[in-house]
Every structure is written in structure tokens, then in C-alpha cells.
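Here is what each chain is made of, one letter per residue.
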Amino acid sequence: ITSAEKRRLADVLEHSHRIGDGRRQLRLAGQDIDLILAMAAAHAPWEGKAKVVLGHGRVEGDLSVRASDFFPLSGYLNVRLVCRGALTDGRPEIHLESCRIGRVRLPRFLLDEVSLILTSAILQDPDLQKTVAVVDRVRVEPDDVEIVFRSGELSGQTIASLIARL
């Protein structure tokens, strides 16, 4: 990840477009999402790679991590998941549609539990709470993710804190 890529992403995140009615629009291309993942992965307590494919209202992700980071095994653990997200009354909802670890598919009851855990993790992060609270709409399409939020309600300090984590 180059400094130029980090600066470009920070510029995209800091300079959303005004669309009227006191709202702003942020559009993240697939390459932006991949860059955010790569930057976040650099801080993860394991070694691995992640890739996301955007779809109509859904996200498909592939994660490959070194097995020895978790278990006394050699090789890699490959995880594939498909999820949908929603925003209902300012509350994020993540719904895992499928998850496969290697050749093993997680049963529905585990997908539901993991969905709740992921949603809870977002709600427990102070910066993400503030960010989600001002989001009016999230649209996921094959080429990009569009986020519409109320202008002026998201402080520069919160945005700076989120960017600094990357």
C-alpha cells in the first residue's frame, strides 16, 4: 500500500459531494473497498489476504489466513462469505447469507449468531456509532458503494479518527 493510495483514499473519504437537502454523498469504488480492506488487514493479528466482490445489495468476500495463527496446523484457512446489509431506523443490520470455511458450510443458526455479533461490534465502536447514526442510505452495486448521510452531523474529528485507524 503506497502513501499515494492512502492519500487518495483519505481525500475520497474527506470530500464527499453535497447533493442537497443538507445531505452528502460518498461513493467508494471497488478498488477503494479493496484498499480499505488491505489497510485494515495490516493491523489484524493474523497474516492473510482479503478480497471483496460487490453485487446488487450484497457483498461477497474471500479471506485467506495462515492456519498456524489460530491452530497448530500448517497451510491456510480459506473463508468465503456472502452477506447483505441494511440500515433500519439508523441501526445497522448485517445478514450473513452463507459462509464456508474450507469445504464446510456454516449452518443457518450459526450464520444468524455471527450476524448478530457483527452488528453488535459496529454498535459498540464509538466512531462507527456516530457514523451510522447520520447515514440515511447505503446502496451496494457491482461497481461501487454509495453512502448518503446528513451533512454537518458527522464531525471532522470522527472522520479523522476513522481514517487514522487505516
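Note that the coordinates shown come from a computational prediction; the quantities given were computed from them, not determined experimentally.

### Describing the packing of helix 3 (residues 108-124) against helix 4 (residues 126-133)
1) Next: Direction vectors running N to C along helix 3 and helix 4 enclose 95°, while the axes themselves pass 5 Å from each other. In terms of axis orientation, helix 3 runs roughly perpendicular to helix 4. Residue-level inspection shows Ile122, Leu123 and Gln124 of helix 3 in contact with helix 4, the latter providing Pro126, Leu128, Gln129 and Val132.
2) Next: Partitioning the contact of helix 3 with helix 4 into residue classes produces five nonpolar, two polar and no charged.

### Focus on the sheet that holds strand 8 (residues 135-140)
1) Next: Pairing in this open sheet of four strands is antiparallel, and the strands run 1-2-9-8 from one edge to the other. The open sheet has two edge strands with one neighbour each: strand 1 (17-20) and strand 8. The mean angle between the axes of side-by-side strands here comes to 25°, regardless of whether they run parallel or antiparallel.
2) Next: Both strand 1 and strand 2 (residues 23-29) contribute to a ladder of three bridges, which runs antiparallel. Residue pairing in the sheet places His17 in a bridge with Gln25 of strand 2.
3) Next: Of the strands in this sheet, strand 2 and strand 9 (144-150) touch helix 2 (residues 30-41), which is tilted by about 80° from strand 2.

### Side note on the nonpolar core
1) Next: Within the largest apolar cluster, eleven residues are counted, these being Leu26, Leu28, Ile33, Val52, Leu54, Val134, Val135, Val140, Val145, Ile147 and Phe149.
2) Next: Listing elements by their share of this core, those giving two or more residues are strand 2, strand 3 (48-54), strand 8 and strand 9.
3) Next: If you tally residues by element for this core, the top one is strand 9, at three residues.

### Some points on the pairing of strand 6 (residues 91-101)
1) Next: With ten bridges connecting them, strand 5 (residues 76-88) and strand 6 associate as antiparallel partners. Looking at the pairing, Leu81 lines up with Cys99 of strand 6.
2) Next: The sheet contact formed by strand 6 and strand 7 (residues 104-105) spans two bridges and is antiparallel. Each bridged residue has a counterpart across the sheet, and for Ile101 the counterpart in strand 7 is Val104.
3) Next: From the end of strand 6 to the start of strand 7, which pair antiparallel, there are two residues, and Gly102 there has a positive phi angle of about 65°.

### What to know about the sheet that holds strand 5
1) Next: Strand order in the open sheet made by the five strands is 3-4-5-6-7, with antiparallel pairing throughout. Each edge of the open sheet carries a strand with a single partner, namely strand 3 and strand 7.
2) Next: Here strand 4 (residues 58-66) runs beside strand 5; their pairing, made up of nine bridges, is antiparallel. For Arg58, the partnering residue across the bridge sits in strand 5 and is Arg84.

### Here's the deal with a nonpolar patch on the surface
1) Next: Taken together, the side chains of Trp46, Leu63, Phe70, Phe71 and Leu73 define a hydrophobic patch exposed on the protein surface, amounting to about 460 Å² of accessible area.
2) Next: Looking at the element boundaries, Phe70 is found in the loop between strand 4 and strand 5.

### As for the pattern of salt bridges
1) Next: Within this structure, the stated rule accounts for 14 salt bridges.
2) Next: For Asp144, the salt bridge goes to Arg27, with nearest N and O atoms at 3.0 Å. With Asp144 in strand 9 and Arg27 in strand 2, this residue pair connects regions lying 117 residues apart in the sequence.
3) Next: The class for Asp144 is buried, based on a relative accessible area of 14%.
4) Next: Judged by its relative accessible area of 37%, Arg27 falls in the partly exposed class.
5) Next: The shortest N-O distance in the salt bridge between Arg80 and Glu60 comes to 2.4 Å. Placement of Arg80 in strand 5 and of Glu60 in strand 4 is noted, with a sequence separation of 20 residues between them.
6) Next: Accessibility expressed as a relative area gives 24% for Arg80, which makes it partly exposed.

Rules used throughout
- Residues numbered from 1 in each chain as written.
- Predicted model: local features only at pLDDT ≥ 70, side-chain atom pairs only at ≥ 80, totals over all residues.
- Heavy atoms only, no water.
- Axes fitted to C-alpha atoms, helices over the stretch in contact; angles between N-to-C directions.
- Helix = DSSP H or I, 4+ residues; strand = E, 2+ residues; numbered from the N terminus.
- Parallel < 35°, antiparallel > 145°, perpendicular 65-115°, else oblique.
- Contact = heavy atoms within 4.5 Å.
- Nonpolar A, V, L, I, M, F, W, Y, C, P; charged D, E, K, R; others polar.
- Pairing = 2+ DSSP bridges.
- Core = buried A, V, L, I, M, F, W, Y, C linked by side-chain atoms within 4.5 Å.
- Buried < 20%, exposed > 50% of the residue type's maximum accessible area, 1.4 Å probe, protein only.
- Patch = residues over 30% accessible without salt bridge, like charges linked within 9 Å, V, L, I, M, F, W, Y side chains within 5 Å.
- Areas by Shrake-Rupley, 256 points an atom, 1.4 Å probe, with all protein chains shown as cover.
- Salt bridge = Lys/Arg side-chain N within 4 Å of Asp/Glu carboxyl O.

All quantities given are derived from atomic positions and should not be read as evidence of function.
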